[in-house]
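# Breakdown of the fold
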Amino acid sequence: MNTPFTSSDFEFDARHIWHPYSTTNSNVELFAVESAEGVRLKLSDGREVIDGMSSWWSMVHGYNHPEMNKALKDQIDRMSHVMFGGLTHKPAVELARRLIDLTPDSMQTVFFSDSGSVAVEVAIKMAMQYWQCRGETGKTKMLTFKGGYYGDTTGGMSICDPENGMHHHFTGILPEHYFVERPACKWGDEFEEAYIEPFKQQLEALSGQVAAVIVEPIVQGAGGMYFFSPEFLKRVKELCDEHGVLLIHDEIATGFGRTGKMFACEHAGIEPDIMCVGKALTGGYMSMAATLCTAHVSDTISAKEPMMHGPTFMANPLTCAAGVASLEILGRGDWQHQVANIEEILQDQLSTCLELDIVQEVRVLGGIGVVELKEPVVMSEIQSEFPKEGVWVRPFGKLVYVMPPYVISDEDLKFLCQGIYKVLDRMYGNN
Ligand SMILES: *Cc1c(COP(=O)(O)O)cnc(C)c1O
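Residues numbered from 1 in each chain as written. Predicted model: local features only at pLDDT ≥ 70, side-chain atom pairs only at ≥ 80, totals over all residues. Heavy atoms only, no water.

## Things to note about the domain arrangement of the protein
The domain boundaries assigned to the protein delineate domain 1 (7-64 + 334-428) and domain 2 (69-331). In this structure, domain 1 and domain 2 have C-alpha centres spaced 26 Å apart. Of the roughly 2,400 Å² buried between domain 1 and domain 2 on both sides combined, carbon and sulfur atoms contribute 65%. The tally of links from domain 1 across to domain 2 stands at zero salt bridges. At the surface where domain 1 touches domain 2, the tally comes to 15 residue pairs in polar contact (both at pLDDT 80 or more). Elements represented by at least two residues in the side of domain 1 that touches domain 2 include exactly helix H2 (54-57), helix H11 (334-350), strand S13 (359-365), strand S14 (368-373) and strand S16 (399-402). Of the residues forming the side of domain 1 that touches domain 2, the biggest block, four residues, is contributed by S13. Counted by class, the side of domain 1 that touches domain 2 contains 19 nonpolar, seven polar and two charged residues. (Domains from an automatic or database assignment. Buried area = accessible area lost by both parts, 1.4 Å probe. Salt bridge = Lys/Arg side-chain N within 4 Å of Asp/Glu carboxyl O. Polar contact = N/O pair within 3.5 Å; in protein donor to acceptor, adjacent residues only side chain to side chain. Helix = DSSP H or I, 4+ residues; strand = E, 2+ residues; numbered from the N terminus. Nonpolar A, V, L, I, M, F, W, Y, C, P; charged D, E, K, R; others polar.)

## Points about the packing of aromatic side chains
The full count for this structure, using the stated rule, is nine aromatic pairs. Summarising the aromatic geometry, the rings of Phe 191 and Tyr 195 are spaced 6.3 Å apart at their centres and angled 35 degrees between planes, so their arrangement reads as tilted. With centroids separated by 6.0 Å and ring planes inclined at 80 degrees, the aromatic side chains of Phe 228 and Phe 232 adopt a geometry described as edge-to-face. By relative accessible area, Phe 228 is classed as buried at 1%. Joined through ring pairs, the aromatic side chains of Phe 145, Phe 199, Phe 228 and Phe 232 make up one cluster. For Arg 182, the ring lying beneath its charged end belongs to Tyr 226, and the centroid distance is 4.3 Å. (Phe/Tyr/Trp six-rings, centres within 6.5 Å; stacked < 30°, edge-to-face > 60°. Buried < 20%, exposed > 50% of the residue type's maximum accessible area, 1.4 Å probe, protein only. Lys NZ or Arg CZ within 6 Å of the ring centre and 35° of its normal.)

## Things to note about the sheet that holds S13
Sheet architecture is open: three strands sit in the order S13-S14-S16, paired in antiparallel fashion. Of all strands in the sheet, those bounded by a partner on one side alone are S13 and S16. With strand direction ignored, the average angle separating the axes of adjacent strands in the sheet is 10 degrees. Where S13 meets S14, six bridges bridge the pair, whose relative direction is antiparallel. Bridged to Glu 361 within S14 is Glu 372. Its contacts with the sheet place H11 against S13, S14 and S16, and it is angled at close to 165 degrees to S13. Running at roughly 165 degrees to S16, helix H14 (residues 410-428) makes contact with S13, S14 and S16 of the sheet. (Pairing = 2+ DSSP bridges. Axes fitted to C-alpha atoms, helices over the stretch in contact; angles between N-to-C directions. Contact = heavy atoms within 4.5 Å.)

Set out below in structure tokens:
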């Protein structure tokens with residue numbers, strides 16, 4: 001696999017390989033990456049681009065990180081994989097120990113899985129089994145907010161935004177759950193009790209049927225890059241407790257420092273009953289996710305029955321070793337000033353995009369910068385423009401957004417922001 005990427009590789013790819021949410025006859029240009037280092041992707045055409053996406057939130061320490069590489073090489077020489085049924089190993093125990101240390105105090109039990117979507121499936125099953133074990137068999141529904149994204153498997157899809165998600169492709173197959181309007185109290189808005197009223201009413205009406213409320217705390221990610229008030233989240237927690245409903249936090253995108261706190265729920269000072277993490281868990285090196293829960297939840301289920309899930313590659317040792325190495329790096333705490341610095345630069349640099357008529361709003365939180373346009377981009381036109389400016393950005397809909405690796409330098413980050421401005425100016429300039 002050390003041979004260069006050729007035009008026949010591109011042809012083969014176009015004909016035979018699906019990419020995320022793509023057709024096999026897509027007219028959006030595809031780029032091949034030969035290697036990557038730090039915040040830079042080296043493309044097969046010789047260009048280098050600065051990665052604004054952290055490979056979808058995950059590559060927080062940058063590519064080809066010596067310490068990460070070493071941890072994986074060391075683990076490969078011991079064992080890459082062993083089943084988790086009836087067996088255990090040091091990398092799994094060490095990763096679970098660190099996760100329990102890092103997450104809110106009440107998170108005490110870890111379920112490892114392969115991807116974020118599966119972690120959400122596990123969270124849903126956990127919530128349902130919890131109520132069954134308590135003899136409350138009527139509690140089988142989820143209540144969530146519109147505008148969410150929870151993954152691509154049936155359980156996850158069924159709670160994704162009902163209009164812009166995938167519901168209409170799979171009507172009749174997806175379980176039906178309950179939705180309430182997305183939190184209208186944005187990040188930075190002063191909270192008033194009226195904001196929580198729609199949620200409160202739904203919860204009151206439905207609490208007998210609802211196993212859990214599931215929410216992406218503070219940042220709705222792939223459903224619209226929308227930031228909402230910590231006070232709102234706090235009220236959600238209080239109301240769940242009041243009505244005897246479990247609270248699930250999906251921190252798959254927000255976890256591990258991205259919003260400026262280790263976990264987004266810390267902005268609100270609350271703790272969920274069940275929590276999903278993924279994406280940056282292994283520093284972007286391997287596919288892994290986890291569902292954590294309180295001792296009360298795991299004890300309640302375990303007193304009656306097994307937790308009914310068990311992936312073949314559960315707690316894969318190589319993957320766990322990547323997780324341990326990534327959490328070791330995070331544990332040193334540099335991420336805190338790195339993310340704060342990214343936030344400051346994104347605020348300053350992206351605000352120049354407001355000069356462009358096409359731009360509706362610029363919003364920044366922690367290491368996330370969003371330029372919302374007044375109309376959706378045309379991917380076949382805009383995608384190739386970013387590498388021309390030496391940056392890698394992948395917009396969706398009206399959103400041009402970045403969440404760069406934490407290790408990005410000030411200079412590279414400014415270059416990234418300027419690249420976005422130049423592309424938008426060239427494509428949608430005011431004159
Ligand atoms: C990405 C994401 C998922 C799904 O994770 P995969 O690893 O892609 O399956 C679920 N929830 C949130 C909030 C996400 O950002």
